[in-house]
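# Overview (structure and organization)
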There are 2 protein chains.
Amino acid sequence: MHWAKILGAVVGAAALLGLGIILGHFAIPKATDPSAPGTSDSQDLDLEVLNLVMEQLDASRIRENLRELSQEPHVASSPQDEALVHLLLERWQDTATGLDSAKTYEYNVLLSFPNEEQPNVVEVVGQDGTVFHSFQPQEKNLTGEQEPKVLQPYAAYAPAGTPQGLLVYANQGSEEDFKELEARGIKLEGTIALTRYGGVGRGAKAINAAKHGVVGVLVYTDPGDINDGKSLPSETFPNSWGLPPSGVERGSYYEYFGDPLTPYLPAHPSSFRLDINNISGIPPIPAQPIGFEDARDLLCNLTGPPATASWKGALGCDYNLGPGFKQDGSFPAGSEVKMRVHNRLELKNSSNVLGIIQGAVEPDRYVIYGNHRDSWVDGAVDPSTGTAVLLEITRVLGTLLKKGTWRPRRSIIFASWGAEEFGLIGSTEFTEEFLSKLQERTVAYINVDISVFANATLRAQGTPPVQSVIFSATKEISAPGRSGLSIYDNWIRYTNRSSTVYGLVPSLGTLGAGSDYASFIHFLGISSMDLAYTYDRSKTSARIYPTYHTAFDTFDYVVKFLDPDFSSHQAVGRTAGSVLLRLSDSLFLPLNVSDYSETLHSFLRAAQTDLGTLLEQHNISLDPLVTAVKEFETAAAALVRRISALQSSSPEVTDMPSSPLQVRMVNDQLMLLERAFLNPRAFPEKPYYSHVLWAPNTASAATFPGLANACARAQEANSGSEAWAEVQRQLSIVVTALEGAAATLKPVEDL
Amino acid sequence: MHWAKILGAVVGAAALLGLGIILGHFAIPKATDPSAPGTSDSQDLDLEVLNLVMEQLDASRIRENLRELSQEPHVASSPQDEALVHLLLERWQDTATGLDSAKTYEYNVLLSFPNEEQPNVVEVVGQDGTVFHSFQPQEKNLTGEQEPKVLQPYAAYAPAGTPQGLLVYANQGSEEDFKELEARGIKLEGTIALTRYGGVGRGAKAINAAKHGVVGVLVYTDPGDINDGKSLPSETFPNSWGLPPSGVERGSYYEYFGDPLTPYLPAHPSSFRLDINNISGIPPIPAQPIGFEDARDLLCNLTGPPATASWKGALGCDYNLGPGFKQDGSFPAGSEVKMRVHNRLELKNSSNVLGIIQGAVEPDRYVIYGNHRDSWVDGAVDPSTGTAVLLEITRVLGTLLKKGTWRPRRSIIFASWGAEEFGLIGSTEFTEEFLSKLQERTVAYINVDISVFANATLRAQGTPPVQSVIFSATKEISAPGRSGLSIYDNWIRYTNRSSTVYGLVPSLGTLGAGSDYASFIHFLGISSMDLAYTYDRSKTSARIYPTYHTAFDTFDYVVKFLDPDFSSHQAVGRTAGSVLLRLSDSLFLPLNVSDYSETLHSFLRAAQTDLGTLLEQHNISLDPLVTAVKEFETAAAALVRRISALQSSSPEVTDMPSSPLQVRMVNDQLMLLERAFLNPRAFPEKPYYSHVLWAPNTASAATFPGLANACARAQEANSGSEAWAEVQRQLSIVVTALEGAAATLKPVEDL
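Note that the structure is predicted; figures quoted are calculated from it, not measured.

Each helix and strand in chain A was counted, giving 22 helices and 19 strands. Its C-alpha atoms give chain A a radius of gyration of 28 Å, within 12% of the compact-globule value 27 Å for 751 residues. For chain A, the spread of C-alpha atoms along the principal axes amounts to about 105 × 65 × 55 Å. Looking at chain A as a whole, 63% of its 751 residues are labelled buried. A separation threshold of at least 6 residues defines the contact pool for chain A, and within that pool the share at least 24 residues apart is 79%. In chain A, which carries 58 positive and 85 negative side-chain charges, the distance between the mean positions of the two groups comes to 2 Å.

See below:
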């Protein structure tokens, strides 16, 4: 009866044809005019547009972008970084190829730099102070590209200081490593520890060391970890992609993320800042990275017992533990290592550049695509391979936009983040500033940092709901090279798993905190992904591409060794572009929430297999978890069925399409699922980590991280202890999150 | 161009008339069939339905509901409480007058009860143990209604124990009161403190007392606070509405809310529970409430210096401070007070009953209307006046629903909460269980606990966005009595303020944590309100209605003294019903976010006036706050203008209506504004309080609570101290929240 009233009011005495025309007026989109969004509520992904975008993404333009982006070192907040801010603004504000708008967002953040007037020094000194050896202050200029402008290698956020002591070798500097040294009778008090990159975070090496009385930490890159053992100049860059002997990995030694002084608050000039002495997660003692040429001089001259096999790298000598140098070596016995670290903390302005394409139908739904801009060095690979692709994607989409050919259904936000290298600072401040609206409106976050590590295969990391859209996109795009395979079919040859649902599929990696997706997934609970082209792991075991964070990460390096024809760049651009368009333009969001069920089952199985007996001994039942996983699975499957039913009544196939609000309602369920896994009180000791499924799992069981970590800690404790109470608390947190997630997916009109 | 493609796909070669018919098919609502929601996307509030509901809300049926609900005492989890669960289910599942569905949700929660075999005892004993006086274990049976079934007065959650000591009088038991006693040289160690209700929370009296060495606490109701000074049997119930001398206020002495053992987790049987010794917010020492007849025997016999004027009540004698009794009084000097408290903690099942009317268009948007069901006593007033109204509203709406006359645009959830009296437990567990989906989907929460305190005027508490809908509703409803005024015009005569925007308007109160709205507003950030009819404050200063939580809170009491013709009940029913329908049925949500600007300006002015000088002395500028308030105001005003523009293109007035998605998008902004004020890290010491504007303000400045409290604590501290860092942190938290709120209100396609 009710509709008749409304109808009456609308059409008055008009005839049925008039009604048709009026309603036509209502339902037919007027144009893709941004000032009149929402006029075509059923706008869906246009495959012609998608194909056009795929075709227009141009390898040679990506190459040219890369050249421009990597001309100079551009560490965060430097004039060169600022110059790139302007480059981005110019591109995104271009009237023919730009976006609807672009703007900078500046934050005042705590960075750490070496002192240009007083470079950091590492020396071997005799007991009388005689200097026997002074280490290379900078990489060698091998190709003319390693200009002096590049920052001296340093450990950002490591404090200044001039520690001196006998040297010990501490492997990767993990807590276990230092414990083993003590167990083997090596006195650590007052020593300088030489460690190699890998295993634990950079800052963790110094934090762990300090707990054992170590006064300074050196960190080097072992050729066994980075060069597949090769270490001669003839075997390394510029003669191969290998790290030259003088190459030094710079990096942030801050263990958390976001501006260290303003946790959970945007770093505006007026924001509350911690006292500098209250920052957590930074080294309490001086630290300095060195190259393996210098490291060899130290390590191969150590006295003391030999290291066990797993501690040994490829320096081609004994790895003794110290303390101090051996009798017959290069230095007089009793010589010590002296570090002079002059790093300075500075409050600096760092900008994010954000560009927007406003959505035509649902401008309040955001797909965010970002990469950082800052680099320790020229940064051709890190991050400019990503930014070069980003700029090509915005050029192609911007052109379609400005021509009036296309406007996405949802809004797209492009981001060039600042100060990522120091600790994901720009992206984290962004999520802190716009917390509430980003959580409510963001469909997904796409991160493309280093877009090309190598030429072999796609590598994708993400949460389960993004698997399906990445699969759909990659099945339609050709892999680089002459295989004739799709990116998908090529990928599955390198990295695959047996899915209980789909059979053999490419294997999606999980998201840690290695790039700017961290605050999106862990803090805001937004479905996120990271895309790149990468290695054939049967051909190299390199920890990362060898010139990572060194002065040899140059344009030439990319052109010669990584992607000469930029076809891998293009492949990543097409993949990211296709995923982006599918997310921004599809009527129904291409997020398959049912794919979480497989993850949950695998976590559950691991809990049962690896922890079941232990839990039983302490009278803790996994039954509620079993029930919660089933409940989630049932709700997800039912929602997927409901969406299929709605899709089969979409305008292409029926004259009874789903209403715009019906579509919006299921899309909201899909978009908001990931939020249901957040619990800001789950991990009070881990800043920003709120996602109960993806917080760091430092235990051996591949299950729910809170449960795994709590069990590992409780293992030796008595039932009834606080450690076991924490296990039960973590179990309840997961069960509650799964039930909440299931509730999000159930029919919305029920509780 | 794009629309043409879609169009092509939809209609193929069909003629324009065909298009009209097809689109007509698409846009014309089919019916109000719940299985086909969303078929009339423009469905708006129907004034005929609203008027029908107003007419059908029947005072005599409310009276009959109340009689049924208050026949017996029904403390949470008792068989009588369970019987009411069934009564509610029966009503809400009725095929002719019920809702779409109704269900119970059970939680396993920690309650506290007196021991029936071993009643609590308070005595005056001589030094040799002789009992000189034993206090009334129970209210006197004055009308035959005060059955023995009613629970003995007790202080829920106060621990068992048998403390004995000299008596002191400690006024309201605030921290300041105990400090003043010590300042006046009264030795508190080992004493029993007699306190009166009011000032601070029940539990706080015992928590404060214990800090000063007090071993037991008695709490009484002073006739000056509850009876306007009257205390004779002839002046009190059943001869007037006054509290009889034997009346004792029961209550929870738990200072927080939610199940004490499962903070932030739903209290399911398998949920993690704290060790009982780790509960916070409960009295560390025994406590017991007593009536003023008994209190007079104690207080009027105390020795020691006289209390200051503000500490004196209306017992008609000196209020001496003690310790101990005077020489020439009723008890031998040296006599002590001995308490025997045998309260027991018990894990019990308590149920919420939830009933749903599914929305026709936006079933994923919820308007929640609730009240608790449990009572310490018969509970005619508290809470049955509210539940009687609730049941009448569901009967009227259920009837329209079952007849097919009406189905709301959005879903309506009716709730009968369990165990509110123990600490808002049922509602809090509900918000913990459905956290994520409630936050994402709930438009507003309406609470009607005690619906009638008295007959004079409406009293409404709520956050600013609900002001407008309450005003709209009350302007259209007649006030009870013969004034001929609307509820609004009557209300403004009793409680008003001068609004900078509207001139003189009724004054909305703020929401504390006095009823089940607490977790909705403070924990989830959902716009909430509490509605009731209440006193003429010029005629009584009673702290609350006199028989509150006593055995005299009976059906007879309501009929004789509170609302003989149930017209005030009807007025509240109409107000709540009209507000509910406006929220559930209006095309545009009737939440005026601009009304927050006035509050923010008033908070800002108070900060400037009351704290400005102090802050300046410590180099803290309020400028960022000034800017943030302006930014909010501008964004809110712009959104209100935009909504007006959209409304003027609504189907009644134009053939170019706003699209369903355009309406949904602005409604989402309105709905989610309140969420932007949440910060779960703002008040770590105050469980569940996350709303940075409405957390408890215990300081004197009527401004942002975090700022006010931090300033009060820092007042005596040095600049640079942690206390001043906390002031700056709180200031940044407010500024960030306001900026986030402004960002939510700004055009959605921008950042």
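Let's pick the thread back up.
On to the state of the cysteines. All names here are of chain B. Counting across every chain of the model gives 2 disulfides over all chains. Cys-300 shares a disulfide with Cys-317; S-S distance 1.9 Å. Between Cys-300 and Cys-317 the sulfur-sulfur dihedral comes to about -75 degrees; the bridge is accordingly left-handed. Of this pair, Cys-300 sits in the loop between helix H9 (292-299) and strand S11 (336-340) while Cys-317 sits in the loop between H9 and S11, placing them 17 residues apart in sequence. The exposure class assigned to Cys-300 is buried, which follows from its relative accessible area of 15%.

Attention now moves to the sheet that holds strand S16 (residues 457-462) of chain A. Residues and elements named next belong to chain A. One open sheet accounts for 7 strands, arranged S1-S12-S14-S13-S15-S19-S16; its pairing is mixed. Every other strand in the sheet has two partners, leaving strand S1 (101-113) and S16 as the edge strands with one partner each. Across the sheet, the axes of successive neighbouring strands diverge by a mean angle of 20 degrees, strand direction being ignored. Sheet topology note: the strand S13 (residues 362-372)/strand S15 (residues 442-447) ladder contains 5 bridges and is parallel. Looking at S15, one finds that Tyr-366 is bridged to Thr-442.

Walk down a regular strand and you will see the side chains alternate between the two sheet faces. Taking burial as the measure, the 11 residues of strand S13 (residues 362-372) of chain B include 11 buried ones, the bulk of the element. As a crossover connection, the stretch from S13 of chain B through helix H10 (residues 380-403) of chain B into strand S14 (residues 410-417) of chain B is right-handed.

A few words on the pattern of salt bridges. All names here are of chain A. In total, this model carries 59 salt bridges over all chains according to the counting rule given. The partner of Arg-407 in a salt bridge is Asp-100, with the nearest N and O atoms 2.7 Å apart. With Arg-407 in the loop between helix H10 (380-403) and strand S14 (410-417) and Asp-100 in the loop between helix H5 (79-92) and S1, this residue pair connects regions lying 307 residues apart in the sequence. Assessed through its relative accessible area of 5%, Arg-407 is described here as buried. The class for Asp-100 is partly exposed, based on a relative accessible area of 27%. One salt bridge in this structure joins Asp-364 and Arg-365, with 3.7 Å as the shortest N-O distance. Residues Asp-364 and Arg-365 agree in their burial class; the two are buried.

This brings us to the side chain of His-372 of chain B. Residue and element names in this part refer to chain B. With respect to the helices and strands, His-372 occurs in strand S13. Of the residues examined, His-372 reaches a relative accessible area of 0% and is grouped as buried. A distance of 2.9 Å separates the side chain of His-372 from the backbone oxygen of Asp-374, its partner in a polar contact. With residues near it in sequence (within four places) discarded, His-372 still touches Asp-382, Pro-383, Thr-387, Trp-417, Glu-420, Glu-421, Asp-449 and Asp-516.

Turning our attention to the sheet that holds strand S3 (residues 131-134) of chain A. Residues and elements named next belong to chain A. Strand order across the open sheet formed by 4 strands is S3-S2-S11-S5, with antiparallel pairing between neighbours. A single partner strand is all that each edge strand has here, and the edge strands are S3 and strand S5 (164-165). Where S5 lies against strand S11 (residues 336-340), 2 bridges are found, and the strand directions are antiparallel. Bridging across to S11, Gln-164 finds its partner in Lys-338.

This brings us to helix H20 (residues 660-672) of chain A. The terminal C-alpha atoms of H20 of chain A lie 18 Å apart, and with 13 residues this matches the ideal 18 Å at 1.5 Å per residue to within 8%. In terms of burial, H20 of chain A is largely enclosed, as 13 of its 13 residues are buried.

A separate point is the packing of aromatic side chains. For any two aromatic rings, the description comes down to two numbers: the centre-to-centre distance and the angle of the planes. In total, this model carries 80 aromatic pairs over all chains according to the counting rule given. Their ring planes at 50 degrees and their centres at 6.5 Å tell us that Trp-417 of chain B and Tyr-445 of chain B sit as a pair that is tilted. In this pair, Trp-417 of chain B sits in strand S14 while Tyr-445 of chain B sits in strand S15 (residues 442-447), placing the two residues 28 residues apart along the sequence. By relative accessible area, which is 0% here, Trp-417 of chain B ends up buried. A connected cluster of aromatic rings, assembled from ring pairs, spans Phe-237, Trp-241, Phe-453, Tyr-535, Tyr-545, Tyr-548, Phe-552, Tyr-557 and Phe-561 of chain A. A cation over an aromatic ring shows up here: Arg-681 of chain A above the ring of Tyr-264 of chain B, its NZ or CZ 3.9 Å from the ring centre.

Moving on to the environment of Ala-83 of chain B. The residue Ala-83 of chain B is located in helix H5 (residues 79-92) in this model. Residues Ala-83 of chain B and Leu-69 of chain B lie 14 residues apart in sequence; the distance between their C-alpha atoms is 9.7 Å.

Moving on, we get to the UniProt feature "domain: Peptidase M28" (unreviewed entry) in chain A. Those places that UniProt annotates as "domain: Peptidase M28" (unreviewed entry) correspond, in this numbering, to residues 352-558 of chain A. This span, residues 352-558 of chain A, is 33% helix and 25% strand, and a straight line between its end C-alpha atoms measures 26 Å.

With that settled, consider the environment of Glu-633 of chain A. Residue and element names in this part refer to chain A. Topologically, Glu-633 is positioned in helix H19 (residues 623-647). Overall, Glu-633 belongs to the partly exposed group, its relative accessible area being 32%. On a C-alpha basis, the gap between Glu-633 and Thr-500 in space is 13 Å, while along the polypeptide they are 133 residues apart. When residues no more than four places from it in sequence are discounted, the contact partners of Glu-633 are Ser-597 and His-601. Reaching out from Glu-633, the side chain makes a polar contact with the side chain of His-601 at a distance of 2.9 Å.

With that settled, the discussion passes to the nonpolar core. Counting residues in each nonpolar core, the largest one holds 236 residues, and the members touching the most others are Phe-414, Phe-422 and Ile-470 of chain A. Beyond its immediate chain neighbours, meaning those up to four positions away, Phe-422 of chain A contacts Val-75, Ala-76, Leu-111, Ser-112, Phe-113, Tyr-154, Ala-156, Tyr-157, Ser-252, Tyr-254, Asp-374 and Trp-376 of chain A. Among the nonpolar cores identified, the runner-up in size contains 234 residues, and Phe-272 of chain A together with Val-341, Leu-391 and Ala-676 of chain B belong to it.

A few words now on the side chain of Thr-387 of chain A. As for its position among the elements, Thr-387 of chain A is in helix H10. Discounting chain neighbours no more than four positions away, the residues touching Thr-387 of chain A are Leu-69, Asn-371 and His-372 of chain A.

Quick notes on the rules
Residues numbered from 1 in each chain as written. Chains lettered and ligands numbered in written order. Predicted model: local features only at pLDDT ≥ 70, side-chain atom pairs only at ≥ 80, totals over all residues. Heavy atoms only, no water. Helix = DSSP H or I, 4+ residues; strand = E, 2+ residues; numbered from the N terminus. Rg over C-alpha atoms; globule rule 2.2 N^0.38 Å. Buried < 20%, exposed > 50% of the residue type's maximum accessible area, 1.4 Å probe, protein only. Contact = heavy atoms within 4.5 Å. Lys, Arg positive; Asp, Glu negative; His and termini not counted. Charge placed at Lys NZ, Arg CZ, Asp CG, Glu CD. Disulfide = S-S within 2.5 Å. Pairing = 2+ DSSP bridges. Axes fitted to C-alpha atoms, helices over the stretch in contact; angles between N-to-C directions. Right-handed = clockwise from strand over helix to strand, strands pointing away. Salt bridge = Lys/Arg side-chain N within 4 Å of Asp/Glu carboxyl O. Polar contact = N/O pair within 3.5 Å; in protein donor to acceptor, adjacent residues only side chain to side chain. Expected span 1.5 Å × (residues − 1). Phe/Tyr/Trp six-rings, centres within 6.5 Å; stacked < 30°, edge-to-face > 60°. Lys NZ or Arg CZ within 6 Å of the ring centre and 35° of its normal. UniProt positions renumbered as here; feature names shortened; annotations may be inferred. Core = buried A, V, L, I, M, F, W, Y, C linked by side-chain atoms within 4.5 Å.

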